[in-house]
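Letter by letter, the chains look like this.
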Amino acid sequence: TFGDLSRRHGALLLAMSNTAASLPGIVGNTATGQLLASTRGDWALVFRLCAGSLVLGALAFLGSEARDQLLDDSPRGMLSSKLLVAPGEPGGSEEEGNGAS
């Protein structure tokens, strides 16, 4: 969810995502209708354009790499560093100096 990406900006990310997701449905139908009207009902160009956009998307996906992204102002983001440390180590889930032996 967008709350996992950013507690502070989750609602804004959701609004932007929903807007971006609805635009192709609006623009695509109109553009397809105009393209079909100008080519006298020839669907080949429509399918070529769709295939080309899929290839470009695949190339963009393959050319990218995953990176840590800090979308919040907090220095650690959403993932607590305590999850990455074994119990008993400094910063782990067991409290140090609790008097238990």
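Quick caveat, the model's predicted, so the values are computed rather than measured.

### Description of the overall build of the chain
1) Next: From N to C terminus, the chain includes three helices and zero strands.
2) Next: Along the chain, from the amino end to the carboxyl end, the secondary structure elements read α-α-α.
3) Next: Looking at the chain residue by residue over its 101 residues, the buried ones come to 7%.

### Some thoughts on a nonpolar patch on the surface
1) Next: Taken together, L23, I26 and V27 make up a surface patch of nonpolar side chains, about 290 Å² in accessible area.
2) Next: Looking at the element boundaries, V27 is found in helix α2 (residues 10-38).
3) Next: In this structure V27 comes out as exposed when scored by relative accessible area, which is 53%.

### Focus: α2
1) Next: Taking 1.5 Å per residue, 29 residues should reach 42 Å; α2 reaches 42 Å between its end C-alpha atoms and fits that length.
2) Next: Within α2, burial applies to G10, L35 and L36.
3) Next: Close packing links the buried residues of α2 with α1 (2-5) and α3 (44-62).
4) Next: R40 sits one or two residues past α2 and shows a positive phi near 60 degrees.

### Some remarks on unusual backbone geometry
1) Next: You will see that R40, though not glycine, has its phi angle at about 60 degrees, which is positive.
2) Next: Relative to the assigned elements, R40 resides in the loop between α2 and α3.
3) Next: When its relative accessible area of 81% is taken as the criterion, R40 is described as exposed.

### Description of the confidence of the model for the chain
For residues with low pLDDT, the predicted coordinates do not support detailed interpretation.
1) Next: Overall, the predicted model of the chain reaches an average pLDDT of 78, with 66% of residues at or above 70.
2) Next: When mean pLDDT is taken per element in the chain, α3 scores highest with 94 and α1 scores lowest with 81.

### Observations regarding the packing of α2 against α3
1) Next: Direction vectors running N to C along α2 and α3 enclose 140 degrees, while the axes themselves pass 9 Å from each other. Considering the angle they form, α2 stands oblique to α3. Mapping the contact onto sequence places T32, L35 and L36 in α2 and L45, V46 and L49 in α3.
2) Next: Each residue belonging to the contact of α2 with α3 can be placed in one class, and the counts come to five nonpolar, one polar and no charged.

### Re the side chain of S6
1) Next: By secondary structure assignment, the location of S6 is in the loop between α1 and α2.
2) Next: The class of S6 is buried, set by a relative accessible area of 0%.

### Focus on the environment of L36
1) Next: Structurally, L36 can be placed in helix α2.
2) Next: Separated by 10 residues in the primary sequence, L36 and V46 have C-alpha atoms spaced 7.8 Å apart.
3) Next: With near-sequence residues (within four places) excluded, L36 lies in contact with G41, D42, W43 and V46.

Conventions we followed
- Residues numbered from 1 in each chain as written.
- Predicted model: local features only at pLDDT ≥ 70, side-chain atom pairs only at ≥ 80, totals over all residues.
- Heavy atoms only, no water.
- Helix = DSSP H or I, 4+ residues; strand = E, 2+ residues; numbered from the N terminus.
- Buried < 20%, exposed > 50% of the residue type's maximum accessible area, 1.4 Å probe, protein only.
- Patch = residues over 30% accessible without salt bridge, like charges linked within 9 Å, V, L, I, M, F, W, Y side chains within 5 Å.
- Areas by Shrake-Rupley, 256 points an atom, 1.4 Å probe, with all protein chains shown as cover.
- Salt bridge = Lys/Arg side-chain N within 4 Å of Asp/Glu carboxyl O.
- Expected span 1.5 Å × (residues − 1).
- Contact = heavy atoms within 4.5 Å.
- pLDDT = per-residue confidence, 0-100.
- Axes fitted to C-alpha atoms, helices over the stretch in contact; angles between N-to-C directions.
- Parallel < 35°, antiparallel > 145°, perpendicular 65-115°, else oblique.
- Nonpolar A, V, L, I, M, F, W, Y, C, P; charged D, E, K, R; others polar.

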